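Spelled out from the first residue to the last, the chains are:
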Amino acid sequence: MPTLVLIVLAFLGLLYVMRSEAGPIPAMLVTGFFGLVGILAEANVIGIILLLVTVGIAISGLPSLRSKWLTPRLFNMFKKIAPKVSDTERTALEAGTVAWDGELFSGRPNWGKLQAFTDKGLSDEERAFVDHQCGVAAGMCNAWDIAKERADLPQELWDYLKKERFFGMIIPKQYGGLGFSAKAQSTVLQKLSVNETLMVTVGVPNSLGPGELLLKYGTEEQKDHYLPRLADGREIPCFGLTGPRAGSDATSIPDVGTVVKRTVDGKQVLGLELTFEKRWITLAPIASVVGLAFRLFDPEHLLSEEEDRGITLALVPRDTEGMEIGRRHHPIGSPFLNGPIKGDKVFVPLSTIIGGEEMIGEGWRMLVECLSVGRCITLPSGATGTGRYALGWTGGFARIRRQFNVPVAEMEGVQEPLARMAALGYIAQAAVYQTANTIDHGEKPAVPSAILKSQLTEFQRQILADAMDIHGGKAVTLGPRNYIGIGYSANPVAITVEGANIMTRNLMIFGQGAIRCHPFVLKELAAKDNNDIDAFDSAFFGHVGLIFGNAARSFSQAFGVGRPKVPFSGPAAVYARDIARLSAGFSLCADAAMASLGSKLKQREMLSARLGDVLSNLYLASMLLKQWDESEPAEGEEALLHYSVQWLLNRAEQAFDELFDNLPSRALGLMLRVVVMPRGRRWKRPSDDLARDIANAISNDTALRTKLLQNTWDLHDGTQDNPLASYNDLLSTQKRAEDLYRKVNKAYAKGELPADALHPEERVEAALAKGILSEEDASFMREREHKVLEMLTVDDFDYDAFVIDKAKVLRHQPA
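Because the structure is a prediction, the values reported are computed rather than measured. (Residues numbered from 1 in each chain as written. Predicted model: local features only at pLDDT ≥ 70, side-chain atom pairs only at ≥ 80, totals over all residues. Heavy atoms only, no water.)

### Focus on the overall build of the protein chain
Okay, so step 1: Along the backbone of the protein chain there are 33 helices and nine strands.
Okay, so step 2: Relative to a compact globule of 815 residues, whose C-alpha radius of gyration would be 28 Å, the protein chain shows 31 Å and is just as compact.
Okay, so step 3: When the 815 residues of the protein chain are sorted by exposure, 56% land in the buried category.
Okay, so step 4: Restricting the contact set of the protein chain to residue pairs at least 6 apart, pairs at least 24 apart contribute 74%.
Okay, so step 5: Looking at the protein chain as shown, the accessible area adds up to about 35500 Å², and 55% of this sits on carbon and sulfur atoms.
Okay, so step 6: Of the side-chain charges in the protein chain, 88 are positive and 98 negative, and the distance between the mean point of each set is 5 Å. (Helix = DSSP H or I, 4+ residues; strand = E, 2+ residues; numbered from the N terminus. Rg over C-alpha atoms; globule rule 2.2 N^0.38 Å. Buried < 20%, exposed > 50% of the residue type's maximum accessible area, 1.4 Å probe, protein only. Contact = heavy atoms within 4.5 Å. Areas by Shrake-Rupley, 256 points an atom, 1.4 Å probe, with all protein chains shown as cover. Lys, Arg positive; Asp, Glu negative; His and termini not counted. Charge placed at Lys NZ, Arg CZ, Asp CG, Glu CD.)

Right, here's the structure in full:
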């Protein structure tokens, strides 16, 4: 018995020391004390073992002792097995900043740091722009007209976008731009997502492109010339990065620039000779100025003794001799302007280099630094906005569409995807807003940008798939009345561009975060590169302390011991504490995977993806809790919070499960499972009761539906029909209509109405004739059924309407 007691007490003492990462001396005091107690209590075996452990901790943990024998050996071993970080990778790793993602990587997230990103909301000017200018622009769009009849935005819409400086949201007012915050840019793009071509057209110039590059790196002369012209639309920009052989691996671009001397107007001019072939360049067909990325060489050493000068960026006017531009690609589902650019030995002066000669060779750094912000905004905002509209349309449709004498929104098979759509939209709204808020505080969130881009566009894919399923034939029949089909077919574009989701999930989120966000890995690699053994000793043993600390935190918190302090109250507090627990488990598993696989982890992409999935779900859940804490919840919103966070945490635990099952070392996987989830998985998928409540709320005129559909075009104030406004109008009188439906259907079931009154309109008239309905009620139902039928109706066309070459039409039947 004394032996068992000593083991338990020593274990608990070490657990406490490990949790607090107190260092070797407190650990020695614990093991030494209980070792002596064991000897005195005649539990000699455990006493001696604990004293030996004390000695081991001393010689391996005390800096003065370990530096003489252990650290040199570890340093030599580390230099042999540590992954080599290329210059390209190092540039990507050093781009951007680390904020809340670093807290999650530490395993001991300090929620105060997240709360420090205070939110002041949009300015009055920004709010007015979202409410008015964005509504006007959205009201000019008809998806069928844009996608099928003109393959472009209408001229009046182009004129309006330029006049109101939509293309200058990121450009400061001193250059004629709007100077909007990141939150405002995101909100604008969400509202414009009523049409994907409109969103892309506005989003791209405000994301990665000449405008942002000029702002951050351009010379004063370049800024003064181009920024005012970009802001008011006199210049339409595009940026050429990808090509036939360089997509996700942008550093492999084969496009070449050579420093040469040319005779221009009788004078010798130093410049660049560019040969390039670019593909998939948004706005290229109409661009007036083209940003280009290329590899610069100086074979004649006209600028320096270095021949290979690295990736460089230049800004080339459209009318430059030798540049081929103007043809179009045909993006799936959407006709946004996109096309190829070619050039063979195109000569441009050195002044076209963005930032001038000082920025030669800095192109890759410039691009990844801009991506860390731009990728957080454009596609995540577009996906979030699309989700808002799809949810509004689908909730409305499911309530007015009746089958078996009830709205389909009352059917559980429909309620499940409706609730899922609401949750995914709710998570996306919080994540994109709160991440944009960190950008407004000066952060450049590289890892969160990868999380948002991949996760939110996948959310969009699921939301649109659910919307299509619920709409059925209404959505699969294209035409002017179909408000969702074209957007659905265009969804693969968001999945593919700005870092394909397969690559982003498998390589970037954890691959970049493991080094960039980890408290010690980057320091260890720097110590290796600098051959600094003292810096390595400090970083490595700090890393060891973190590993033991996370193991102790993860294990003890699973039993409710040592719960972390969180700044939330109510339902958010429970979730925040469990995010902290899973963060400790994630950090431990990340270290275990890196230690056991070393440089091979790069090739084990499925394992890397699962670690990235854990981080992604914890990040999204954190953003959701912050949004909940800072906003006034609507009636019914708590159910949506529970559903959404439980769904995310369930996914995080599922990723842990798959990681444990697939680690090459089965023993390591089992050990991690015992430490990280000693009581098994905690979070089940959200309950059916929650799904029913949420589906009911978003398919009726409720405060929750109104809140989820904020920042959408939801008014009858445009030149085009607004289906969302129509659904909102119908839902506003839904209760009255349901009462009348029940009255009429009950009378029909009793035989009080003619058996051949099969249409709703016929039953209304029969009920009026029988005195079952008043004239007022009958008039209301006539008008309502007319509106409902209009929303359910699909388009039809002439037999040969879709045939481009009419000579190829087959007439199967006589006219």
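### Observations concerning the pattern of salt bridges
Okay, so step 1: Applying the stated rule across the entire model yields 47 salt bridges.
Okay, so step 2: A salt bridge links Lys216 to Glu212; the shortest N-O distance between them is 3.1 Å. Of this pair, Lys216 and Glu212 both sit in helix H14 (residues 210-217), four residues apart, which is roughly one turn of the helix.
Okay, so step 3: Residue classification places Lys216 among the partly exposed positions, given a relative accessible area of 34%.
Okay, so step 4: Relative accessible area serves as the criterion here: at 7%, Glu212 is assigned to the buried category.
Okay, so step 5: When the shortest N-O distance is used, the salt bridge between Lys787 and Glu783 registers 3.4 Å. (Salt bridge = Lys/Arg side-chain N within 4 Å of Asp/Glu carboxyl O.)

### Some remarks on unusual backbone geometry
Okay, so step 1: The residue Asp265 is not glycine, and still its phi comes out positive at about 55 degrees.
Okay, so step 2: On the secondary structure map, Asp265 appears in the loop between strand S2 (256-264) and strand S3 (267-282).
Okay, so step 3: Within the chain, Leu283 stands out as a residue other than glycine whose phi angle is a positive 75 degrees.
Okay, so step 4: When you line up the elements, Leu283 lands in the loop between S3 and strand S4 (289-297).

### As for the environment of Ala99
Okay, so step 1: Looking at where Ala99 falls in the secondary structure, it is placed in the loop between helix H5 (87-94) and helix H6 (100-106).
Okay, so step 2: Judged by its relative accessible area of 21%, Ala99 falls in the partly exposed class.
Okay, so step 3: Separated by 339 residues in the primary sequence, Ala99 and Thr438 place their C-alpha atoms 8.4 Å from one another.
Okay, so step 4: Here Ala99 is in contact with Phe117 and Glu443, once residues within four sequence places are set aside.

### Looking at the packing of aromatic side chains
Okay, so step 1: Within the structure shown, the criterion is met by 24 aromatic pairs.
Okay, so step 2: The interplanar angle of 50 degrees and the centroid separation of 6.2 Å between the aromatic rings of Tyr160 and Phe166 together place this pair among those described as tilted. For the pair Tyr160 and Phe166, a shared accessibility class is recorded, and that class is buried.
Okay, so step 3: Ring plane angle 45 degrees and centroid distance 5.0 Å describe the contact between Trp393 and Tyr483, whose orientation is recorded as tilted. Of this pair, Trp393 sits in helix H16 (residues 363-400) while Tyr483 sits in the loop between helix H19 (473-476) and helix H20 (485-496), and the two are 90 residues apart along the sequence.
Okay, so step 4: Among the aromatic side chains, those forming a connected cluster through ring pairs are Phe75, Phe78, Phe536, Phe540 and Phe541.
Okay, so step 5: For the cation-ring pair, Lys79 lies above Phe75, with the distance from its terminal atom to the ring centre recorded as 4.5 Å.
Okay, so step 6: One Lys or Arg, Arg736, reaches over the ring of Phe780 and ends 4.2 Å from the middle of that ring. (Phe/Tyr/Trp six-rings, centres within 6.5 Å; stacked < 30°, edge-to-face > 60°. Lys NZ or Arg CZ within 6 Å of the ring centre and 35° of its normal.)

### Section: a nonpolar patch on the surface
Okay, so step 1: A cluster of nonpolar side chains, namely Leu4, Val5, Val8, Leu9, Phe11 and Leu12, defines an oily patch on the protein surface of about 510 Å² accessible area.
Okay, so step 2: Note that Val5 resides in helix H1 (residues 2-20).
Okay, so step 3: Val5 sits in the partly exposed class, given a relative accessible area of 40%. (Patch = residues over 30% accessible without salt bridge, like charges linked within 9 Å, V, L, I, M, F, W, Y side chains within 5 Å.)

### Points about the side chain of Glu653
Okay, so step 1: Looking at the secondary structure, you find Glu653 in helix H26 (residues 637-662).
Okay, so step 2: For Glu653, a relative accessible area of 0% puts it in the buried group.
Okay, so step 3: Discounting residues that sit within four places of it in the chain, Glu653 has contacts with Arg581, Leu582, Met677, Arg681, Arg682 and Trp683.

### Thoughts on the nonpolar core
Okay, so step 1: Among the nonpolar cores identified, the biggest contains 126 residues, and Trp111, Ile484, Phe586, Leu618, Leu620, Leu625 and Phe656 are the most heavily contacted of them.
Okay, so step 2: The greatest single-element share of this core, amounting to 15 residues, is contributed by helix H24 (residues 571-597).
Okay, so step 3: Excluding residues that lie within four positions of it along the chain, Phe586 makes contacts with Leu104, Phe105, Phe510, Leu611, Val614, Leu615, Leu618 and Phe656.
Okay, so step 4: Formed by 59 residues, the second largest nonpolar core is a distinct cluster that contains Cys134, Leu157, Ala287 and Ile353. (Core = buried A, V, L, I, M, F, W, Y, C linked by side-chain atoms within 4.5 Å.)

### Some thoughts on the pairing of S3
For a regular strand, side chains alternate in direction, first toward one face of the sheet and then toward the other.
Okay, so step 1: Here S2 runs beside S3; their pairing, made up of nine bridges, is antiparallel. The residue of S3 that forms the bridge with Thr258 is Glu273.
Okay, so step 2: Linking S2 to S3, which pair antiparallel, is a turn of two residues; within it Asp265 sits at a positive phi near 55 degrees.
Okay, so step 3: The sheet contact formed by S3 and strand S7 (residues 338-349) spans nine bridges and is antiparallel. The residue of S7 that forms the bridge with Ile281 is Gly339. (Pairing = 2+ DSSP bridges.)

### Overview of the environment of Val406
Okay, so step 1: Tracing the sequence through the fold places Val406 in strand S9 (residues 406-407).
Okay, so step 2: Setting aside its immediate chain neighbours within four residues, Val406 contacts Arg401 and Met411.

### So, helix H11 (residues 155-163)
Okay, so step 1: Turning to H11, its buried residues number three or more, namely Leu157, Trp158, Tyr160 and Leu161. The arc that holds every buried residue of H11, seen down its axis, measures 165 degrees, which confines them to one face. Exposed residues on H11 whose side chains face more than 90 degrees from its buried face are Gln155 and Lys163.
Okay, so step 2: Along its buried surface, H11 packs onto helix H9 (133-138) and helix H13 (196-203).
Okay, so step 3: Directly beyond the C-terminal end of H11, a positive phi value near 60 degrees is found at Arg165. (Arc of directions from axis to C-beta.)

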